[in-house]
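Residue strings, one per chain:
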Amino acid sequence: MIQIQNLTFGYKSSKENVLENVNLQLNPGSIVGLLGKNGTGKTTLLNLITGQLFAKQGVITIDDENVKTKSKSILEKIYFLPEELTVPSLSLENFIKLYSPFYKDYSQEVMDECMREFDLKSEKKSLNKLSMGTKKKMMICFAIATNVPYLLMDEPTNGLDIPSKRIFRKLINSHMSEDRTILISTHQVHDVEKMVDHIVIVGEKDLLVNDTIEGLSQKYTFGTTPKGEVLYSEKSLEGNLCVARRTESEEETPVSLELLFEAVNENPNAFKK
């Protein structure tokens with residue numbers, strides 16, 4: 001379990017904090033969508049969880065161990081795929097030989113499966129000389145193949161074409177398990193809408209939404225004929241699409257993450273707990 005308690009962080013170059021008094025618990029068996037506009041602190045939060053940055057205040061633990069320790073037991077449990085990839089001048093084969101031993105449950109069988117899904121071949125060319133899309137897909141394959149309990153990915157679908165995004169979703173879903181937590185940070189809400197079961201939306205300095213898809217469907221309705229208080233509305237060909245508070249007499253509706261995202265950013269106070 002990833003536990004964040006009373007987290008506050010700011011860069012030394014700025015007087016303003018990026019995050020203030022953030023509390024978050026991520027349980028095993030969840031694919032979590034970390035959503036937010038550019039510049040709201042999503043990447044900062046990932047860097048804090050992985051121990052690359054340290055909080056001004058508060059504590060982050062992974063399985064009850066403080067990430068500040070950077071212990072072997074933490075490092076072998078977590079894999080972070082950043083948005084901006086910096087890869088060594090190694091072939092994929094040599095990259096795997098060098099880095100896979102750090103992850104005790106690494107599976108070459110899973111790696112090969114993911115490569116086949118993306119229609120990739122293990123080229124002898126250095127990774128840093130490959131196209132951005134090919135490099136991204138290979139690193140996604142390796143990230144999944146590590147089989148770590150905690151997989152964090154920052155904007156993983158950036159640079160992927162539409163078929164590759166579909167394959168990405170398929171691979172994440174097929175390699176999810178009840179003892180694994182996958183945290184995907186993105187501002188491209190549509191790319192993760194059919195995958196995630198827990199949503200965290202980051203606003204200015206704090207969390208605007210922290211709930212499961214099931215929890216959201218119990219609280220809000222999404223559609224053109226709401227009965228409850230309308231929190232957000234936008235025009236569409238079908239009429240006004242609304243996010244509204246769900247009344248006791250209404251049936252649950254599928255959660256529209258894109259609609260929720262727009263609603264929360266326009267009227268954040270309406271969604272805060």
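Novice: With reference to specific residues and values, describe the sheet that holds strand β13 (residues 239–245).
Specialist: Taken in spatial order, the three strands line up as β11-β13-β12 in an open sheet, and their pairing is antiparallel. The outermost strands of the open sheet, each flanked by one partner alone, are β11 (220–223) and β12 (230–236). When the angles between neighbouring strand axes are averaged without regard to direction, this sheet yields 10°. Sheet analysis places β11 next to β13, joined by four bridges and oriented antiparallel.

Novice: Describe the packing of aromatic side chains, and please don't skip the residues or the numbers.
Specialist: Applying the stated criterion across every chain, the model contains nine aromatic pairs. Each ring, one from Phe9 and one from Tyr11, has its centre 4.8 Å from the other, and the planes form 85°; the classification is edge-to-face. The partly exposed category is assigned to Tyr11, whose relative accessible area is 34%. The interplanar angle of 70° and the centroid separation of 5.6 Å between the aromatic rings of Tyr79 and Tyr103 together place this pair among those described as edge-to-face. On the criterion of sequence distance, the pair formed by Tyr79 in strand β6 (residues 78–81) and Tyr103 in the loop between α3 (92–99) and α4 (108–117) is long-range, its members being 24 residues apart. As far as the burial class goes, Tyr79 and Tyr103 line up, both buried. By the ring-pair criterion, three or more aromatic residues cluster together here, those being Tyr79, Phe95, Tyr99, Phe102, Tyr103, Tyr106 and Phe142.

Novice: Account for the layout of surface pockets, naming residues and giving values.
Specialist: Considering only enclosed or pocket space, the largest pocket measures out at about 640 Å³ in volume. Those elements that place two or more of their residues in the lining of the largest pocket are α2 (72–75), β6, α3 and α5 (132–145). Of the residues assigned to the lining of the largest pocket, the class counts are 15 nonpolar, three polar and four charged.

Novice: Just give me the short version of the nonpolar core, but keep the residues and values in it.
Specialist: Ranked by internal contacts, the top residues of the largest apolar core, which has 61 residues, are Met111, Met139, Phe168, Ile201 and Phe271. Among the elements that line this core, the one with the most residues is α5, at eight residues. Setting aside anything within four residues of it in sequence, one finds Phe168 in contact with Phe118, Ile140, Met153, Pro156, Thr157, Leu160, Ile184 and Met195. Ranked by size, the runner-up nonpolar core spans 28 residues in total, among them Leu7, Leu24, Val32 and Val200.

Novice: Tell me about the sheet that holds strand β4 (residues 57–62), and please be specific about residues and values.
Specialist: Reading across from one edge, β2-β1-β4-β5 is the order of the four strands in this open sheet, with antiparallel pairing throughout. A strand with exactly one partner marks an edge of an open sheet, and here the two such strands are β2 (19–26) and β5 (65–66). Pairing of β4 with β5 involves two bridges; the strand directions are antiparallel. Across the sheet, Thr61 pairs through a bridge with Asn66, a residue of β5. Helix α1 (residues 42–49) rests against β1 (2–9), β2 and β4 of the sheet, and its axis sits at about 120° to β1.

Reading guide: rules and limits
- Residues numbered from 1 in each chain as written.
- Predicted model: local features only at pLDDT ≥ 70, side-chain atom pairs only at ≥ 80, totals over all residues.
- Heavy atoms only, no water.
- Pairing = 2+ DSSP bridges.
- Helix = DSSP H or I, 4+ residues; strand = E, 2+ residues; numbered from the N terminus.
- Axes fitted to C-alpha atoms, helices over the stretch in contact; angles between N-to-C directions.
- Phe/Tyr/Trp six-rings, centres within 6.5 Å; stacked < 30°, edge-to-face > 60°.
- Buried < 20%, exposed > 50% of the residue type's maximum accessible area, 1.4 Å probe, protein only.
- 1 Å grid on protein atoms, 1.4 Å probe; cavity = no way out; pocket = protein on both sides within 12 Å on 5 of 7 lines; lining within 4 Å.
- Points joined across faces, edges and corners; volume = space filled by probe spheres on them.
- Nonpolar A, V, L, I, M, F, W, Y, C, P; charged D, E, K, R; others polar.
- Core = buried A, V, L, I, M, F, W, Y, C linked by side-chain atoms within 4.5 Å.
- Contact = heavy atoms within 4.5 Å.

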